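Close look at the chain arrangement
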Amino acid sequence: MPLHHAVLALLTRRPNHGYELKARFEEAVGPQWGGLNIGHLYQILERLVRDGYVSRSQVTQTDRPDKNLYTLTEAGEAELRSWATTAWVRVGGFRDELFLKLLGAVALGPQALATLIESQRQTYLSELAGLAQQRRAHADEPLVAVLIDAAIAHTKADLGLLDSAAQHLGPLATAQSAQAPERSPSQVRGDADEAPRGRAG
């Protein structure tokens, strides 16, 4: 539950209400993560209160509706410490639409594969240029800078993957393309043979 634990981390400094937490989260992690939906945040806070990791109190306001204030509990700090000091282990495999696109391009032959790889390469290069601009803009925000550095490293690795895809999948795409014409005549003959029988029946 990484977002749950991120909320616990934000509450270590001081109690906050929901919209303050949303703003602090987005400021802390920067543009690479994306915005935090306020409805989802309140669901997270509800669960943290239920689990005893956060307590909730109501603050009366004279000029606007009362607001809920969320405070980290001792159990919440212990949970955060346990999570934040243990290594992250990938459990879901690598699910990236690019791999499915490569599957489709290989099936269509070497021309389609080359088109996909070149198009994807230009996309990654454009992403790198944008990330470099973000990195300069957030140079004085250490946590945001680290996240952008991670995005840059991932994108560079993805660029290397394209070279590997061209090398390893090129022969397969060529073989697929060579097999396609061999199947077509038999399929056409099969259709021609079956058509009269269908009409006779």
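All values reported here derive from a predicted model rather than from experimental measurement.

1. Examining helix α2 (residues 18–29)
Its twelve residues place the ends of α2 17 Å apart at the C-alpha level, agreeing with the 16 Å of an ideal helix rising 1.5 Å per residue. Among the residues of α2, Gly18, Leu21, Arg24, Phe25 and Val29 are the ones counted as buried. The buried side chains of α2 occupy one side of the element, clustering within an arc of 125 degrees when seen end-on. Exposed and facing more than 90 degrees away from the buried side of α2 are Tyr19 and Glu27. Of the residues trailing α2, Gly30 is marked for its positive phi of about 80 degrees.

2. Things to note about the packing of aromatic side chains
Within the structure shown, the criterion is met by one aromatic pair. With 6.4 Å between their ring centres and 70 degrees between their planes, Tyr19 and Tyr42 make a pair best called edge-to-face. Remark: Tyr42 occurs in helix α3 (residues 38–50) and Tyr19 occurs in helix α2; sequence separation between them is 23 residues. Classification of Tyr42 as partly exposed rests on a relative accessible area of 32%.

3. With respect to the environment of Ala173
In this fold, Ala173 is placed in helix α7 (residues 142–200). Along the chain, Ala173 and Gln111 lie 62 residues apart, while their C-alpha atoms are 8.6 Å from each other. Other than its neighbours up to four places away in sequence, Ala173 contacts Val106, Gly109, Pro110 and Leu113.

Calculation rules
- Residues numbered from 1 in each chain as written.
- Predicted model: local features only at pLDDT ≥ 70, side-chain atom pairs only at ≥ 80, totals over all residues.
- Heavy atoms only, no water.
- Helix = DSSP H or I, 4+ residues; strand = E, 2+ residues; numbered from the N terminus.
- Expected span 1.5 Å × (residues − 1).
- Buried < 20%, exposed > 50% of the residue type's maximum accessible area, 1.4 Å probe, protein only.
- Arc of directions from axis to C-beta.
- Phe/Tyr/Trp six-rings, centres within 6.5 Å; stacked < 30°, edge-to-face > 60°.
- Contact = heavy atoms within 4.5 Å.

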